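# Structural overview
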Amino acid sequence: MRADATAAPWPLGATPMSDAPETPLDDAALVEAAIAGDTAAFDVLVTRHRRSVYQVCYRFVNHHEDAADLTQDTFVRAWKALGSFRGQARFSTWIYRIAVNVCLNRVSLKTPKTDAVDFDLVADQREPAPGAAIDAAERQAMVRAAVKSLPPRQRTALILRTYHDLSHQEVADIVGTSVGAVKANVFHALANLKKRLEPLV
Amino acid sequence: MTPCLTPDEFVDLVDGTLAADREAHVATCAACAATAIDVREALAAAMSAEVPEPSPLFWPSVNARVQAAVAESAATGWRAWLRLDVLVPMAGLALVVLAIASAIDAVSPVGPSPADPEVAIAAEPAEVLSEMEIASDAATDDALAMVADLASALPEGGWDALGVTRLPDLDVAAAALTAEERDALAALLQSAVERPKS
């Protein structure tokens, strides 16, 4: 799965890239059929990749309804652009690229709603040792909100690298930048995350 | 002492791909060691935050929403016009439109006003009226009703003059059109009927 063979896996598990019933057809064959107008083939692709696309979108906006809308937009754009998919990249990489673009467009257009918890409220309730007493769900919500608050480039790099098990090279291909820039963005994302989660981490 | 780690190298460090000599530096540099701990802790925190699992019903709804949106875009896009099941009847419909326009130019406009549907329908030849009755059964279909209205506006003998004995499969054609396309077709037909006579 990983294009960068030298890269070791992240310390914890990552989101599987596919969510689909087994089918003898690989993505490339399904894409070919979809380009010929076979909407059933495209539906299989949607089923295969809907979970990972939704999770990318959710990490960006931290809101279920918005993530659902963005997921739909991603696949509709993919359908319309199928003719431009030449197969140089895997379909999963291509659909991630579309999802990231859809999410970045949304982020630049408006500040979406969020399911995040209120940092101050949580902290006040947990004095004098806020980090120790916060339960796992609240902690996760705070982390998701912190990820969402990162600058777009840092957020993109962190989400794709950390949660979707993509190599730095794959992330670089998706966002159209260099591996070095991706690593730098991941580093700064983690540094910012550390600062924003200081009471917890 | 070797230089401190760059941001790239800290990422390589947590990846486990940092060169051994660079990794050795971290053991001798308090600043890099502290940064490495921060990065690892932040990464662990980030990895611990899972996306809430939506309802199981959500996943099929994604497919349904995408299918609906794809169908809508296909119906409104130019590709919709390239389908044989649309092209063939639409070609027939286009011929009728052209024929109506020619007939209106050719046949004397003297007589009942086409705007008066009762007068117009009464003047319709029986055979054609039968076709129109079929169309009027589909009264809920605005496009068919509109075509029926326009056809009924032909002066007496107009259909015979055109050599038209049977309308093409207008219901098939109209059913394949979106509301927007029907509006556009209605405008075309209307403009053909209302065009000043030469």
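If you're wondering where the values come from, they're calculated on a predicted model, not measured in any experiment. (Residues numbered from 1 in each chain as written. Chains lettered and ligands numbered in written order. Predicted model: local features only at pLDDT ≥ 70, side-chain atom pairs only at ≥ 80, totals over all residues. Heavy atoms only, no water.)

### A short note on the overall build of chain A
Threshold: Numbered from the N terminus, helices here are DSSP runs of H or I no shorter than four residues, and strands are runs of E no shorter than two. Only protein chains enter the calculation, and the probe is 1.4 Å; a residue is then buried if its accessible area is under 20% of its type maximum, exposed if over 50%, and partly exposed in between. Residue contacts are defined here by distance: any two heavy atoms, one from each residue, within 4.5 Å place the two residues in contact. Residue exposure ignores everything except the shown protein chains as possible cover, and the areas themselves are Shrake-Rupley values with a 1.4 Å probe.
Within chain A, the secondary structure is distributed over ten helices and zero strands. Along chain A, from the amino end to the carboxyl end, the secondary structure elements read α-α-α-α-α-α-α-α-α-α. Considering chain A as a whole, with its 201 residues, one finds that 50% of them fall into the buried category. Taking as baseline every contact in chain A between residues at least 6 positions apart, the subset at least 24 positions apart corresponds to 69%. Summing over all exposed atoms, chain A offers an accessible surface of approximately 8800 Å²; the carbon and sulfur share of this is 53%.

### What about the overall build of chain B?
Within chain B, the secondary structure is distributed over eleven helices and zero strands. Listed by position from the N terminus, the elements making up chain B come as α-α-α-α-α-α-α-α-α-α-α. Excluding contacts between residues fewer than 6 apart, the proportion of contacts in chain B whose partners are at least 24 apart in sequence is 65%. A total accessible area of about 10800 Å² is found for chain B, and carbon and sulfur atoms account for 62% of it.

### Topic: the interface of chain A and chain B
Operational definition: Accessible area that two parts lose when put together, evaluated with a 1.4 Å probe and summed over both, is termed the buried area. Basic side-chain nitrogens of Lys or Arg form a salt bridge, by our definition, when they fall within 4 Å of a carboxyl oxygen of Asp or Glu. Polar contacts, as counted here, are pairs of nitrogen or oxygen atoms within 3.5 Å of one another; within protein the pair requires one atom able to donate a hydrogen and one able to accept it, and residues that are adjacent in sequence qualify only if both atoms are side-chain atoms.
Tallying the contact residues gives 46 residues for chain A and 36 residues for chain B. Here chain A packs against chain B, burying approximately 3800 Å² in sum over the two surfaces, 66% of which is carbon and sulfur. Considering only the side of chain A, the residues that lose the most area to chain B are Arg50, Phe187 and Leu190 of chain A, jointly responsible for 15% of the buried surface there. Linking chain A to chain B there are six salt bridges. Linking Lys194 of chain A and Asp38 of chain B is a salt bridge whose minimum nitrogen-to-oxygen distance equals 3.7 Å. Seen at the junction of chain A and chain B, the total is 17 residue pairs in polar contact (both at pLDDT 80 or more). Counting only elements with at least two residues in the side of chain A that touches chain B, the list comes to helix H2 (39-61), helix H3 (64-81), helix H7 (136-148), helix H8 (152-163) and helix H10 (179-196) of chain A.

### Thoughts on H7 of chain A
All names here are of chain A. In plain terms, the rule: A helix's residues, less one, multiplied by 1.5 Å, set its expected span.
Over its 13 residues, H7 extends 18 Å from the first C-alpha to the last, a length consistent with the 18 Å expected when each residue adds 1.5 Å. Those residues of H7 that sit buried are Glu138, Ala141, Met142, Val143, Arg144, Ala145, Ala146, Val147 and Lys148. Measuring from the side-chain oxygen of the N-cap residue of H7 to the backbone nitrogen of Ala137 gives 3.1 Å; that N-cap residue is Asp135.

### Let's talk about the packing of helix H1 (residues 27-35) of chain A against H2 of chain A
Residue and element names in this part refer to chain A. Rules: Every axis in this analysis is a line fitted to C-alpha atoms, fitted for helices over the stretch in contact. Angles between the N-to-C directions lie between 0 and 180 degrees. In these notes the angle categories are as follows: under 35 degrees is roughly parallel, over 145 is roughly antiparallel, 65 to 115 is roughly perpendicular, and the rest is oblique. Handedness of a crossing is defined here by the sense of rotation of the near helix relative to the far one, left-handed for an anticlockwise turn of less than a right angle and right-handed for a clockwise turn.
The interhelical angle for the contact between H1 and H2, taken along N-to-C directions, is 140°, at an axis separation of 8 Å. It follows from the interaxial angle that H1 and H2 lie oblique. Remark: the crossing between H1 and H2 carries left-handed chirality. Side by side, H1 and H2 meet where Asp27, Leu30, Val31, Ala33 and Ala34 of the first sit next to Ala41, Phe42, Val44, Leu45, Arg48 and His49 of the second.

### Focus: the pattern of salt bridges
A full pass over the atoms with the stated rule returns ten salt bridges over all chains. A salt bridge links Arg90 of chain A to Glu170 of chain A; the shortest N-O distance between them is 2.2 Å. Of the two residues, Arg90 of chain A is situated in the loop between H3 and helix H4 (91-109) and Glu170 of chain A in helix H9 (residues 168-175); the sequence distance between them amounts to 80 residues. Here Arg90 of chain A falls in the partly exposed class, since its relative accessible area comes to 34%. Of the charged contacts in the structure, one is a salt bridge between Asp15 of chain B and Arg161 of chain A, with a shortest N-O distance of 2.8 Å. With Asp15 of chain B in helix H1 (residues 7-15) and Arg161 of chain A in helix H8, this pair bridges two chains. Residue class for Asp15 of chain B comes out buried when judged on its relative accessible area of 3%. Note on Arg161 of chain A: relative accessible area 0%, which makes it buried. What you see here is one network of salt bridges that share partners, running through Lys194 of chain A together with Asp38 and Glu41 of chain B.

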